[in-house]
Amino acid sequence: VQLQASGGGLVQAGGSLRLSCAASGRTFSSYGLAWFRQAPGKEREFVASINWSGGSTYYTDSVEGRFTISRDNRKNTVYLQMNSLKPEDTAVYYCAADYLVVTTNAPYWGQGTQVTVSS
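Residues numbered from 1 in each chain as written. Predicted model: local features only at pLDDT ≥ 70, side-chain atom pairs only at ≥ 80, totals over all residues. Heavy atoms only, no water.

A.B. asks: Would you mind going over a nonpolar patch on the surface with me for this structure?
C.D. replies: On the surface, Tyr99, Leu100 and Val101 cluster together into a nonpolar patch covering about 380 Å² of accessible area. Position of Tyr99 relative to the elements: it lies in the loop between β9 (91–98) and β10 (108–109). Its relative accessible area of 49% is what places Tyr99 among the partly exposed residues. (Patch = residues over 30% accessible without salt bridge, like charges linked within 9 Å, V, L, I, M, F, W, Y side chains within 5 Å. Areas by Shrake-Rupley, 256 points an atom, 1.4 Å probe, with all protein chains shown as cover. Salt bridge = Lys/Arg side-chain N within 4 Å of Asp/Glu carboxyl O. Helix = DSSP H or I, 4+ residues; strand = E, 2+ residues; numbered from the N terminus. Buried < 20%, exposed > 50% of the residue type's maximum accessible area, 1.4 Å probe, protein only.)

A.B. asks: Teacher, can you tell me more about the sheet that holds strand β3 (residues 17–23) here?
C.D. replies: Hydrogen bonds between backbone groups are what pair the strands of a sheet, and the pairing can be parallel or antiparallel. If you trace the four strands from one edge of the open sheet to the other, you get β1-β3-β8-β7, paired in antiparallel fashion. The sheet is open, and its two borders are formed by β1 (3–6) and β7 (67–72), each paired with just one other strand. If you compare each strand with its neighbour and ignore which way they point, the axes differ by 15° on average. (Pairing = 2+ DSSP bridges. Axes fitted to C-alpha atoms, helices over the stretch in contact; angles between N-to-C directions.)

A.B. asks: Would you mind going over the side chain of Arg37 with me for this structure?
C.D. replies: With respect to the helices and strands, Arg37 occurs in strand β4 (residues 32–38). On the basis of relative accessibility, which here comes to 5%, the residue Arg37 falls in the buried class. In terms of polar contacts, Arg37 uses its side chain to reach the side chain of Asp89, at 2.9 Å. If we skip the residues at most four places from it in the chain, Arg37 touches Glu43, Arg44, Glu45, Val47, Ser62, Val63, Phe67, Glu88, Asp89, Ala91, Val92 and Tyr93. (Polar contact = N/O pair within 3.5 Å; in protein donor to acceptor, adjacent residues only side chain to side chain. Contact = heavy atoms within 4.5 Å.)

A.B. asks: Would you take a moment to explain unusual backbone geometry for this structure?
C.D. replies: Backbone geometry follows two general trends: most residues other than glycine have a negative phi, and most peptide bonds adopt the trans configuration. Positive phi is not limited to glycine here, since Asn76 has a value of about 55°. For Asn76, the location among the structural elements is in the loop between β7 and β8 (77–82). Phi angles above zero are rare outside glycine, and Ser84 is one such case at about 50°. Tracing the backbone through its elements, the reader meets Ser84 in the loop between β8 and β9. On the accessibility criterion, Ser84 (41% relative accessible area) is partly exposed.

Structure below.
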């Protein structure tokens, strides 16, 4: 699976962005998918995940209620809708895929897209 993330940019605090991650490969619907982020000088951290069917999602506490992960298996794409953005959400965002639980050890990663939230 090859992943291509897009949709990052510069936004003011309180604004919204939608990230997309397009995947190649005919087995896209078999994979769990997740978004991670990495701020300067910090370790990569988990943001949100979604299972193969889209029926189960999970979020880190700091984005719960503000971010929504979704997927469209017909388009081989996973999304991250980010609302009420805060300066502390500034980071490079990465999508990742794995057959089961998606962790930082996932075998497939997108190239990252920069999100910058100004105060």
